[in-house]
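Residues per chain, in single letters:
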Amino acid sequence: MKPDANSVVAPTVAVVLAAVSVEPAFAEVVKLIHAARQRAYQAVNTELIDLYWHIGKYLHHKIESDGWAKGTVVQLGAYIAQREPGLRGFSPQNLWRMRQFFEVYQNDSKLSPLLRELPWSSHLHIMSRSKRIEDREFYLRMATQNRWPVREVARQIDTGLFERTVLHPPKLSTALRELHPQAENFFKDSYAFEFLALPNDHSELDLHRSLVQNLGRFLTELGRDFCYIGSEYPVQVGNQDFALDLLFFHRGLNCLVAIELKVTAFEPEHLGKLNFYLEALDRDHRKPHENPAIGVLLCASKDSEVVEYALSRTLSPAMVAEYQTQLPDKKLLAAKLHEFYALNVAQAEPERDAEPTLTRRTQRAAKAKKS
């Protein structure tokens, strides 16, 4: 007997509907698995960092009290390899780094909780490439807050994020500072887009398209709590249609963030259209529980004095930043930072160090408050 078509379709539809109804519950189970896996990884990492710390402390005291040297550490590495064949991570070079790890942070108890949140490879990048305690603290805090993977830690050091943050705090309008007092903690004066591999003569369309195609890395460069909403976001005012380059939502500031792109140097008139978009977002798109929208004008370059004049009179919560398509010259940044230190020393009282002045500025980014 030939089966009725309806008798075949009905069970199939029922199975599909049942699968749809239970999918959220199944997804919750997968979420629990991922959370447990992350906790397990963090627990293992914490124990590993604790072990490296205690080994480093032991080696430090042996070097100080018993005159151990690198030769003895080499013998220790060979001894561990013989007694524990197949155990990795205890080569003479790594043992020596454990001793350096302890010596670098032994007198800074406030950083102790952060040390156990990062993997060993991230610590190696920060220790070897950051020479001052304040820039090590900066990268420790930023890597922890933003959950940077090892590759991103290395990249941010390469882009000179610490030097750029100290030397060039973000340029914010008065309205932005008043409406969003914490905004300075979440924005930068310059953004590094070297991962786009754009030519020097790229167009605005090239920049726009590349940012969307590399959205994950773009979000990482923007920083934590940015959520992507759309590209060429439609805005209708009156009988005219407009398209905002990029629209995001910031969870920490609880507001929309409009980004307009310019592949030229900043001009004061650029703010006019951005202000127009912010007004349209606040009137027609902002939810009742959200704060006023923020506008970011992202330019290829800018004159800081021109930016200051332009932002001083705008009534909108806006800021101007620049983007770089190539890694900055680290030697030049280091030289400028050295001048910054020297200037603070010259201006400080004789018995005081200039470090507090520097620390206040870096902490605005490194110790960004969680909303």
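This report concerns the structure included in the present document. Because the structure is a prediction, the values reported are computed rather than measured.

For the rest of this paragraph, the subject is the pairing of strand β5 (residues 255-265). Bridging between strand β4 (residues 240-250) and β5 involves five bridges; their strand directions are antiparallel. Looking across to β5, one finds that leucine 246 is bridged to isoleucine 259. The antiparallel hairpin formed by β4 and β5 contains four residues in its connecting segment, where asparagine 254 sits at a positive phi of about 55°. Two strands pair when backbone bridges link them, and β5 and strand β6 (residues 294-301) are joined in this way by seven bridges, in the parallel orientation. Its bridge partner being in β6, leucine 261 is matched across the sheet by leucine 298.

What follows covers the pattern of salt bridges. For the structure on display, the rule yields 17 salt bridges. A salt bridge links arginine 155 to glutamate 221; its shortest N-O distance comes to 2.9 Å. Here arginine 155, found in helix α7 (residues 150-158), pairs with glutamate 221, found in helix α11 (residues 215-222); they are 66 residues apart in sequence, far enough to count as distant. Each member of the pair, arginine 155 as well as glutamate 221, is classed as buried. Among the ionic pairs, arginine 283 bridges to glutamate 279, the shortest N-O distance being 2.7 Å.

Moving on to the layout of surface pockets. Of the pockets and cavities examined, the largest pocket occupies roughly 670 Å³. Taken together, 26 residues make up the lining of the largest pocket; nearest its centre are Ala143, Thr144, Gln145, Asn146 and Arg147. At the level of elements, α1 (5-66), α6 (133-146), α7 and α11 are the ones that each hand at least two residues to the lining of the largest pocket. Residue composition of the lining of the largest pocket, by class: eight nonpolar, nine polar and nine charged.

Reading guide: rules and limits
Residues numbered from 1 in each chain as written. Predicted model: local features only at pLDDT ≥ 70, side-chain atom pairs only at ≥ 80, totals over all residues. Heavy atoms only, no water. Pairing = 2+ DSSP bridges. Helix = DSSP H or I, 4+ residues; strand = E, 2+ residues; numbered from the N terminus. Salt bridge = Lys/Arg side-chain N within 4 Å of Asp/Glu carboxyl O. Buried < 20%, exposed > 50% of the residue type's maximum accessible area, 1.4 Å probe, protein only. 1 Å grid on protein atoms, 1.4 Å probe; cavity = no way out; pocket = protein on both sides within 12 Å on 5 of 7 lines; lining within 4 Å. Points joined across faces, edges and corners; volume = space filled by probe spheres on them. Nonpolar A, V, L, I, M, F, W, Y, C, P; charged D, E, K, R; others polar.

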